[in-house]
Amino acid sequence: MAKAKTALPILGCSALAALLAAPAARAEWRFVPGVDLRETYTDNVNQAPAGQAHGSFVSTLTPGFTLTDDTPRVQFRMTFAQHLYLYSGERRDGNDRANRELNANLKARLVSDVLFLDATAAITQRAASAFGPQVSNSTYSNANQNEIRTYRVSPYLREAFGTLAQGELRYSHDRLSTDSTGLGQSDADTLSAFLASGPSFRKIGWNLAGSRQVISDTLAAKSTISTYNATLRYLMSDQFNMSVNGGYDKYDYNALGGATQGASWSGGFQWTPSSRTSVQANAGHRFYGPSYMLSIQHRSRGTVWNISYDDSVTNTRSQFILPSAVNTAALLDHLFATSMPDPVARAAAIQAYIAATGLPASLPNAINYFSNRYQLQKQFMASTAIELAHSSAVINVFRTQREALSNVNVDSNLLGSQNSALNDNTDQTGINASLNYKLGPRTQSTLSATAYRIKSVTTGRVDNNRQLSFFLTRQFAQKLSGIAEVRRIRGTSFGTDARPYTENAVAVGLAMKF
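Residues numbered from 1 in each chain as written. Predicted model: local features only at pLDDT ≥ 70, side-chain atom pairs only at ≥ 80, totals over all residues. Heavy atoms only, no water.

*Asks:* Any chance you could explain the overall build of the protein here in plain terms?
*Replies:* The helix and strand inventory of the protein stands at five helices and 24 strands. Scored against the burial criterion, the 514 residues of the protein give a buried share of 45%. By sequence separation, contacts in the protein at least 24 residues apart represent 59% of the contacts at least 6 residues apart. Of the accessible surface of the protein, which amounts to about 24,900 Å², a share of 59% is contributed by carbon and sulfur atoms. (Helix = DSSP H or I, 4+ residues; strand = E, 2+ residues; numbered from the N terminus. Buried < 20%, exposed > 50% of the residue type's maximum accessible area, 1.4 Å probe, protein only. Contact = heavy atoms within 4.5 Å. Areas by Shrake-Rupley, 256 points an atom, 1.4 Å probe, with all protein chains shown as cover.)

Here it is as structure tokens:
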């Protein structure tokens, strides 16, 4: 269960940075408070296997606010929500009294065209294990859930050396903390530099990049990551260029065996036949073996398509600090760019669309389960958004494979002796689809379906999770809306017996902005 700890350290970093930048930027702050009230009946409030399930009415009160500032020098957005739950019967193990969500993002230009600042902060509820109940619309359940708190502050300098080169020097500090005793609190300090050719280099371009990160962890030993790369690019035409890359990677962690450092190289191309289409691909070798990258983006009048593949050495904390999930707002921004050229009006319309259709802030991809170990991750994702006259659809599919590279001992408090090999080698596949239909100028219906399959290659355990939801939303007034939902969830319990469970629920709610 997520404990109620103060969010001041996280909130303070973003808020302080925004206030420092605001005076010179003629800040235009906009504060919008709101409250949601929802009543749910569920036949399995604690998401337990058959024979242990209990039905309950759940009353949810969610006060919250949105704070924004959008000026030429400062772009800031913060959303916060506090969920409070009341149950018709006894509150069961696996149910929260309260939990919360925070998402804050800041981009500031502190000194014109020279000194900049990026900052983020987040509080989310995340699955501790890829096996067992997953985060769903049943937000009152804390089965296999823990609160994750992150922040990142990153000032950086940019400088143009005439038409010869452009450079960037960046420092970042970030922190991850959680209520889980098995996932250590960790802090990271990163120094990175980048130098690239300027407009004087027409046919041949180049860039140099390097970074060094030091991670301190309360459970695992201190580790460092150093990467250095040089790229040479040849422009064959305005639409097509080829590139070669060489560098060196060094990871300092307690490895299971094999190399943790070595030279890297790759070759690839970028093809941009139009402003709507881009294809980029690379193939090469890094210290862990063959390495590939693919990125395809295409936009038409009513569709957006994204396809990507990459492999890298990563860990749980880096995936939480800088998530790789598909940002729903960014995907819709490309979709609506033609019909709504004004970026401010488009951003407001996208937020209203997401709220009305019940879409998540990011499209589901691989479960970033808790681990203190380094892993080799290979991930494929494909997503599309389609807009028609009275309907729209957002679809995302993924496959992610993770292989543990460092010692399992640092995860002993997370998994226990019986499940010590569960996360050694995992294979996740999933799909999420959301279909929306406008029943009228103020009424919309949405059908959402999610399916996951995760396999522990080492132990042979396979979990399948499914969720099907149907929403009706109605805008009663400019600041008052209502929602009705029916959903069914089918998943697997976390225990070693991996017993299946189902939950059926109906809910109605009202949302008011002030």
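*Asks:* Any chance you could explain the environment of P273 here in plain terms?
*Replies:* With respect to the helices and strands, P273 occurs in strand β12 (residues 261-274). Residue classification places P273 among the partly exposed positions, given a relative accessible area of 35%. Separated by 34 residues in sequence, P273 and Q239 have C-alpha atoms that sit 5.4 Å apart.

*Asks:* Explain the nonpolar core here, please?
*Replies:* Nonpolar side chains in soluble globular proteins tend to be buried together. Grouped together as the largest cluster of nonpolar side chains are 13 residues, with contacts concentrated most on V74, F76, M78, L102, L106, A108 and A121. Looking at this core, the elements that each hand over two or more residues are β3 (74-87), β4 (98-111) and β5 (115-127). Listed in part, the 11 residues of the second largest apolar core include A188, I225, V313 and L405. (Core = buried A, V, L, I, M, F, W, Y, C linked by side-chain atoms within 4.5 Å.)

*Asks:* Would you mind going over the pattern of salt bridges with me for this structure?
*Replies:* If the charged atoms of two oppositely charged side chains come close together, the side chains can form a pair. Here the structure, examined in full by the defined rule, presents 16 salt bridges. A salt bridge links R100 to E147, with the shortest nitrogen-to-oxygen separation between them at 2.9 Å. A residue pair is termed long-range when its members are at least 10 positions apart, and R100 in strand β4 and E147 in strand β6 (residues 145-161) qualify at 47 residues. For the pair formed by R100 and E147, the shared burial category is buried. By sharing partners, the salt bridges in this structure join K107, D118, R158, E168 and R170 into a single network. (Salt bridge = Lys/Arg side-chain N within 4 Å of Asp/Glu carboxyl O.)

*Asks:* Is there a simple way to explain the packing of aromatic side chains in this structure?
*Replies:* In this description, an aromatic ring pair is defined by two values, namely the gap between the centres and the angle between the planes. For the structure shown, the criterion picks out 15 aromatic pairs. Ring centres 5.4 Å apart and planes at 70 degrees place the aromatic pair W29 and F76 in the edge-to-face group. With W29 in strand β1 (residues 29-42) and F76 in strand β3, this pair connects stretches of sequence that are 47 residues apart. Overall, W29 belongs to the partly exposed group, its relative accessible area being 35%. Ring centres of F287 and Y288 lie 5.4 Å apart, and the angle between their planes is 75 degrees; on these two criteria the pair is classed as edge-to-face. We classify F287 as buried; its relative accessible area is 13%. A cation over a ring is seen here: R158 above F116, with NZ or CZ 5.4 Å from the ring centre. (Phe/Tyr/Trp six-rings, centres within 6.5 Å; stacked < 30°, edge-to-face > 60°. Lys NZ or Arg CZ within 6 Å of the ring centre and 35° of its normal.)

*Asks:* Even after reading the chapter, I still don't get helix α3 (residues 328-336), so can you show me in this structure?
*Replies:* A turn of α-helix holds 3.6 residues, and therefore any two residues three or four places apart point the same way. Along α3, the positions that sit buried rather than exposed are T328, L331, L332, L335 and F336. Here the buried residues of α3 occupy an arc of 125 degrees about the axis, which is enough to place them on one side. (Arc of directions from axis to C-beta.)

*Asks:* Where do I start with the environment of L84 in this structure?
*Replies:* Note that L84 resides in strand β3. Put simply, L84 and R100 are 16 residues apart on the chain and 8.7 Å apart in space, counted from C-alpha to C-alpha. Those residues within four positions of L84 in sequence are excluded, and the remaining contacts are S59, T60, L61, R97 and A98.

*Asks:* How do you make sense of the side chain of T62 when you look at a structure like this?
*Replies:* Residue placement: T62 occurs in strand β2 (residues 56-70). The class for T62 is buried, based on a relative accessible area of 10%. Filtering out sequence-adjacent residues up to four positions away, T62 remains in contact with G34, V35, D36, A81, Q82 and H83.

Remember that the coordinates give geometry; whether it matters functionally is a separate question.
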